[in-house]
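Residue strings, one per chain:
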Amino acid sequence: ELKVEQNPLFLSMQEGKNYTIYCNYSTTSDRLYWYRQDPGKSLESLFVLLSNGAVKQEGRLMASLDTKARLSTLHITAAVHDLSATYFCAVDYPGAGSYQLTFGKGTKLSVIP
Amino acid sequence: DTAVSQTPKYLVTQMGNDKSIKCEQNLGHDTMYWYKQDSKKFLKIMFSYNNKELIINETVPNRFSPKSPDKAHLNLHINSLELGDSAVYFCASSQGAFGYQPSLETQYFGPGTRLLVL
(Lines give C-alpha, C1' and ligand atoms only; values in the text may rest on other atoms or scores of the structure.)
Protein backbone atom coordinates (compact mmCIF):
# COMPACT_ATOMS: atom_id res chain seq x y z
CA GLU A 1 0.00 0.00 0.00
CA LEU A 2 1.29 3.43 -0.95
CA LYS A 3 2.09 5.74 1.94
CA VAL A 4 2.45 9.48 1.49
CA GLU A 5 3.98 11.34 4.39
CA GLN A 6 4.22 15.07 4.77
CA ASN A 7 6.25 16.96 7.28
CA PRO A 8 5.82 19.03 9.15
CA LEU A 9 2.08 18.62 9.72
CA PHE A 10 1.90 22.03 11.38
CA LEU A 11 4.08 25.00 10.55
CA SER A 12 3.97 28.44 12.08
CA MET A 13 6.29 30.95 10.52
CA GLN A 14 6.81 34.67 10.45
CA GLU A 15 6.25 36.80 7.42
CA GLY A 16 9.35 37.22 5.34
CA LYS A 17 10.89 33.89 6.30
CA ASN A 18 11.65 30.92 4.07
CA TYR A 19 10.67 27.32 4.72
CA THR A 20 10.26 23.96 3.02
CA ILE A 21 7.51 21.37 3.29
CA TYR A 22 8.51 17.79 2.52
CA CYS A 23 6.47 15.04 0.92
CA ASN A 24 7.85 11.49 0.98
CA TYR A 25 6.15 8.54 -0.66
CA SER A 26 6.79 4.87 -0.31
CA THR A 27 6.81 3.50 -3.85
CA THR A 28 7.84 4.41 -7.37
CA SER A 29 5.83 7.15 -9.02
CA ASP A 30 6.71 10.06 -11.25
CA ARG A 31 3.49 11.99 -10.92
CA LEU A 32 2.97 14.21 -7.94
CA TYR A 33 0.50 17.00 -7.29
CA TRP A 34 0.34 19.83 -4.79
CA TYR A 35 -2.95 21.32 -3.63
CA ARG A 36 -3.90 24.17 -1.34
CA GLN A 37 -6.96 24.21 0.91
CA ASP A 38 -8.15 27.30 2.76
CA PRO A 39 -10.25 26.73 5.91
CA GLY A 40 -13.74 25.58 5.03
CA LYS A 41 -12.95 25.70 1.32
CA SER A 42 -12.22 23.33 -1.51
CA LEU A 43 -8.86 22.16 -2.85
CA GLU A 44 -7.07 24.30 -5.39
CA SER A 45 -4.45 22.81 -7.67
CA LEU A 46 -1.02 24.40 -7.30
CA PHE A 47 1.47 22.25 -9.17
CA VAL A 48 1.60 19.15 -11.34
CA LEU A 49 5.01 17.46 -11.38
CA LEU A 50 5.30 14.76 -14.02
CA SER A 51 8.93 13.74 -14.19
CA ASN A 52 12.10 13.34 -12.20
CA GLY A 53 13.77 16.69 -11.65
CA ALA A 54 10.63 18.67 -12.43
CA VAL A 55 10.60 22.10 -10.86
CA LYS A 56 7.72 24.54 -11.01
CA GLN A 57 7.33 27.99 -9.52
CA GLU A 58 4.37 30.23 -8.94
CA GLY A 59 4.90 33.42 -7.00
CA ARG A 60 6.49 32.64 -3.63
CA LEU A 61 6.00 28.88 -4.00
CA MET A 62 8.32 26.47 -5.75
CA ALA A 63 7.79 22.73 -6.01
CA SER A 64 10.27 20.05 -7.06
CA LEU A 65 10.24 16.31 -7.55
CA ASP A 66 13.02 13.76 -7.03
CA THR A 67 11.59 10.41 -8.05
CA LYS A 68 14.72 8.50 -7.10
CA ALA A 69 14.51 9.77 -3.54
CA ARG A 70 10.69 9.54 -3.67
CA LEU A 71 10.58 13.09 -2.40
CA SER A 72 8.87 16.28 -3.35
CA THR A 73 9.44 19.64 -1.72
CA LEU A 74 7.33 22.78 -1.57
CA HIS A 75 9.53 25.77 -0.83
CA ILE A 76 8.08 28.99 0.48
CA THR A 77 10.06 32.15 -0.09
CA ALA A 78 9.50 35.31 1.97
CA ALA A 79 6.20 34.11 3.36
CA VAL A 80 3.19 36.41 3.49
CA HIS A 81 -0.01 36.03 5.49
CA ASP A 82 -2.03 35.15 2.38
CA LEU A 83 -0.12 31.87 2.13
CA SER A 84 -1.73 30.61 5.33
CA ALA A 85 -3.59 27.43 4.36
CA THR A 86 -3.27 23.65 4.42
CA TYR A 87 -1.05 22.20 1.70
CA PHE A 88 -1.51 18.66 0.44
CA CYS A 89 0.71 16.58 -1.76
CA ALA A 90 -0.82 13.67 -3.68
CA VAL A 91 0.77 10.81 -5.58
CA ASP A 92 -0.78 9.08 -8.61
CA TYR A 93 -0.23 5.38 -8.20
CA PRO A 94 -1.89 2.18 -9.46
CA GLY A 95 -2.98 0.76 -6.18
CA ALA A 96 -5.13 -2.35 -6.63
CA GLY A 97 -4.68 -2.11 -10.39
CA SER A 98 -6.04 1.35 -11.09
CA TYR A 99 -4.42 4.76 -10.87
CA GLN A 100 -5.78 6.91 -8.09
CA LEU A 101 -4.49 9.83 -6.08
CA THR A 102 -3.24 9.09 -2.60
CA PHE A 103 -3.00 12.21 -0.45
CA GLY A 104 -0.66 13.10 2.37
CA LYS A 105 -2.19 14.28 5.64
CA GLY A 106 -1.57 17.90 4.81
CA THR A 107 0.65 20.62 6.26
CA LYS A 108 -1.21 23.40 8.01
CA LEU A 109 0.74 26.59 7.47
CA SER A 110 0.17 29.70 9.56
CA VAL A 111 2.07 32.83 8.57
CA ILE A 112 2.26 35.29 11.41
CA PRO A 113 2.52 39.01 10.62
CA ASP B 1 -19.51 29.63 -14.41
CA THR B 2 -18.47 27.31 -11.57
CA ALA B 3 -16.35 24.46 -12.88
CA VAL B 4 -17.37 21.75 -10.40
CA SER B 5 -20.47 22.32 -8.30
CA GLN B 6 -22.05 20.30 -5.54
CA THR B 7 -25.41 20.40 -3.79
CA PRO B 8 -26.23 20.68 -1.03
CA LYS B 9 -23.40 22.56 0.64
CA TYR B 10 -24.54 21.43 4.09
CA LEU B 11 -26.52 18.33 5.01
CA VAL B 12 -27.69 17.49 8.52
CA THR B 13 -29.62 14.28 8.94
CA GLN B 14 -30.51 11.50 11.32
CA MET B 15 -28.84 8.15 11.59
CA GLY B 16 -30.47 5.53 9.40
CA ASN B 17 -31.67 7.97 6.74
CA ASP B 18 -30.84 7.78 3.04
CA LYS B 19 -29.44 10.86 1.36
CA SER B 20 -27.93 11.98 -1.94
CA ILE B 21 -25.31 14.54 -2.89
CA LYS B 22 -25.23 15.89 -6.43
CA CYS B 23 -22.19 16.89 -8.45
CA GLU B 24 -21.95 18.57 -11.83
CA GLN B 25 -18.95 19.66 -13.86
CA ASN B 26 -19.01 21.96 -16.88
CA LEU B 27 -15.39 21.40 -17.89
CA GLY B 28 -16.11 18.66 -20.40
CA HIS B 29 -13.98 16.25 -18.40
CA ASP B 30 -14.12 12.50 -18.89
CA THR B 31 -13.52 11.38 -15.34
CA MET B 32 -15.19 12.22 -12.06
CA TYR B 33 -14.37 11.29 -8.48
CA TRP B 34 -15.74 11.31 -4.97
CA TYR B 35 -13.49 11.91 -1.98
CA LYS B 36 -14.15 11.87 1.75
CA GLN B 37 -12.33 14.27 4.08
CA ASP B 38 -12.61 13.33 7.73
CA SER B 39 -12.44 15.54 10.80
CA LYS B 40 -8.64 15.33 10.78
CA LYS B 41 -8.61 16.66 7.22
CA PHE B 42 -7.43 13.34 5.83
CA LEU B 43 -8.57 13.05 2.22
CA LYS B 44 -9.31 9.66 0.70
CA ILE B 45 -10.59 8.57 -2.70
CA MET B 46 -13.93 6.76 -2.66
CA PHE B 47 -14.80 6.31 -6.35
CA SER B 48 -13.47 7.05 -9.80
CA TYR B 49 -15.89 7.01 -12.74
CA ASN B 50 -15.22 7.26 -16.47
CA ASN B 51 -17.40 6.34 -19.44
CA LYS B 52 -19.61 4.15 -17.32
CA GLU B 53 -16.71 2.32 -15.77
CA LEU B 54 -16.58 2.54 -12.03
CA ILE B 55 -13.56 1.94 -9.84
CA ILE B 56 -14.36 1.54 -6.21
CA ASN B 57 -12.00 1.93 -3.31
CA GLU B 58 -12.27 -1.39 -1.51
CA THR B 59 -12.64 0.26 1.88
CA VAL B 60 -15.87 2.06 0.95
CA PRO B 61 -18.98 0.43 2.47
CA ASN B 62 -21.58 -0.72 -0.03
CA ARG B 63 -24.03 1.72 1.54
CA PHE B 64 -22.34 4.27 -0.70
CA SER B 65 -23.17 4.16 -4.38
CA PRO B 66 -22.30 6.62 -7.14
CA LYS B 67 -24.75 7.18 -9.97
CA SER B 68 -23.96 8.98 -13.21
CA PRO B 69 -26.90 10.03 -15.38
CA ASP B 70 -24.50 11.53 -17.93
CA LYS B 71 -20.88 12.48 -18.41
CA ALA B 72 -21.25 15.81 -16.58
CA HIS B 73 -22.87 14.44 -13.43
CA LEU B 74 -21.83 12.03 -10.71
CA ASN B 75 -24.15 11.79 -7.73
CA LEU B 76 -23.44 10.03 -4.47
CA HIS B 77 -26.18 8.05 -2.73
CA ILE B 78 -25.75 6.99 0.86
CA ASN B 79 -28.07 4.47 2.48
CA SER B 80 -28.60 3.87 6.19
CA LEU B 81 -26.40 6.74 7.31
CA GLU B 82 -24.13 6.17 10.29
CA LEU B 83 -22.47 8.57 12.70
CA GLY B 84 -19.08 7.77 11.17
CA ASP B 85 -20.25 9.02 7.80
CA SER B 86 -20.05 12.60 9.07
CA ALA B 87 -17.39 14.28 6.97
CA VAL B 88 -16.88 16.62 4.06
CA TYR B 89 -17.44 14.98 0.69
CA PHE B 90 -15.70 16.42 -2.34
CA CYS B 91 -16.48 15.77 -5.94
CA ALA B 92 -13.70 16.25 -8.48
CA SER B 93 -13.15 15.90 -12.19
CA SER B 94 -10.23 15.60 -14.59
CA GLN B 95 -9.46 15.19 -18.25
CA GLY B 96 -7.28 12.60 -19.83
CA ALA B 97 -6.26 9.10 -18.92
CA PHE B 98 -8.03 7.28 -16.16
CA GLY B 99 -7.94 4.19 -14.12
CA TYR B 100 -5.53 1.87 -15.86
CA GLN B 101 -3.29 4.61 -17.22
CA PRO B 102 -1.60 7.37 -15.25
CA SER B 103 -3.16 10.78 -15.33
CA LEU B 104 -1.23 13.75 -16.67
CA GLU B 105 -3.84 16.25 -15.60
CA THR B 106 -4.73 17.78 -12.29
CA GLN B 107 -8.10 17.23 -10.72
CA TYR B 108 -10.55 20.08 -10.16
CA PHE B 109 -12.46 19.92 -6.91
CA GLY B 110 -15.96 21.04 -6.04
CA PRO B 111 -16.72 23.16 -2.98
CA GLY B 112 -17.56 20.19 -0.79
CA THR B 113 -20.67 18.98 1.03
CA ARG B 114 -20.51 19.02 4.80
CA LEU B 115 -22.49 16.04 6.08
CA LEU B 116 -23.41 15.75 9.73
CA VAL B 117 -25.18 12.62 10.92
CA LEU B 118 -26.91 12.92 14.29
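A few points on the structure.

### Things to note about the overall build of chain A
Right, on to step 1. Tallying secondary structure elements over chain A gives zero helices and 11 strands in all.
Right, on to step 2. Element order for chain A, N to C, with α for helix and β for strand: β-β-β-β-β-β-β-β-β-β-β.
Right, on to step 3. The C-alpha radius of gyration computed for chain A amounts to 14 Å, which stays within 12% of the reference 13 Å derived for 113 residues, consistent with globular compactness.
Right, on to step 4. Dimensions of chain A along its principal axes, counting C-alpha atoms only, are 45 × 30 × 20 Å.
Right, on to step 5. Among the 113 residues that make up chain A, the fraction classed as buried is 47%.
Right, on to step 6. Across chain A, every contact between residues at least 6 apart in sequence was considered, and the portion connecting residues at least 24 apart equals 54%.
Right, on to step 7. Summed over all atoms, the accessible surface of chain A reaches about 5,500 Å², with 48% contributed by carbon and sulfur.
Right, on to step 8. Counting 11 positive and 10 negative side-chain charges, chain A places the averaged centre of each group 3 Å from the other.

### Re the sheet that holds strand β6 (residues 55-58) of chain A
Residue and element names in this part refer to chain A.
Right, on to step 1. Spatially, five strands are ordered β1-β3-β8-β7-β6 in an open sheet, and the strand pairing comes out antiparallel. Every interior strand has two partners, whereas the edge strands, β1 (4-7) and β6, have only one. Ignoring which end each strand starts from, the neighbouring axes of this sheet average 15° apart.
Right, on to step 2. Where strand β7 (residues 61-66) lies against strand β8 (residues 71-76), six bridges are found, and the strand directions are antiparallel. Each residue of the ladder has a partner; that of Met-62, found in β8, is His-75.

### Points about the pattern of salt bridges
Residue and element names in this part refer to chain A.
Right, on to step 1. Throughout the structure, instances matching the rule amount to five salt bridges over all chains.
Right, on to step 2. Across the pair Asp-92 and Arg-31 runs a salt bridge, and its minimum N-O distance is 3.5 Å. Here Asp-92 is found in strand β9 (residues 85-93), whereas its partner Arg-31 is found in the loop between β3 (19-25) and β4 (32-37), with 61 residues between them in sequence.
Right, on to step 3. What makes Asp-92 buried here is its relative accessible area of 3%.

Rules used throughout
Residues numbered from 1 in each chain as written. Chains lettered and ligands numbered in written order. Predicted model: local features only at pLDDT ≥ 70, side-chain atom pairs only at ≥ 80, totals over all residues. Heavy atoms only, no water. Helix = DSSP H or I, 4+ residues; strand = E, 2+ residues; numbered from the N terminus. Rg over C-alpha atoms; globule rule 2.2 N^0.38 Å. Buried < 20%, exposed > 50% of the residue type's maximum accessible area, 1.4 Å probe, protein only. Contact = heavy atoms within 4.5 Å. Areas by Shrake-Rupley, 256 points an atom, 1.4 Å probe, with all protein chains shown as cover. Lys, Arg positive; Asp, Glu negative; His and termini not counted. Charge placed at Lys NZ, Arg CZ, Asp CG, Glu CD. Pairing = 2+ DSSP bridges. Axes fitted to C-alpha atoms, helices over the stretch in contact; angles between N-to-C directions. Salt bridge = Lys/Arg side-chain N within 4 Å of Asp/Glu carboxyl O.

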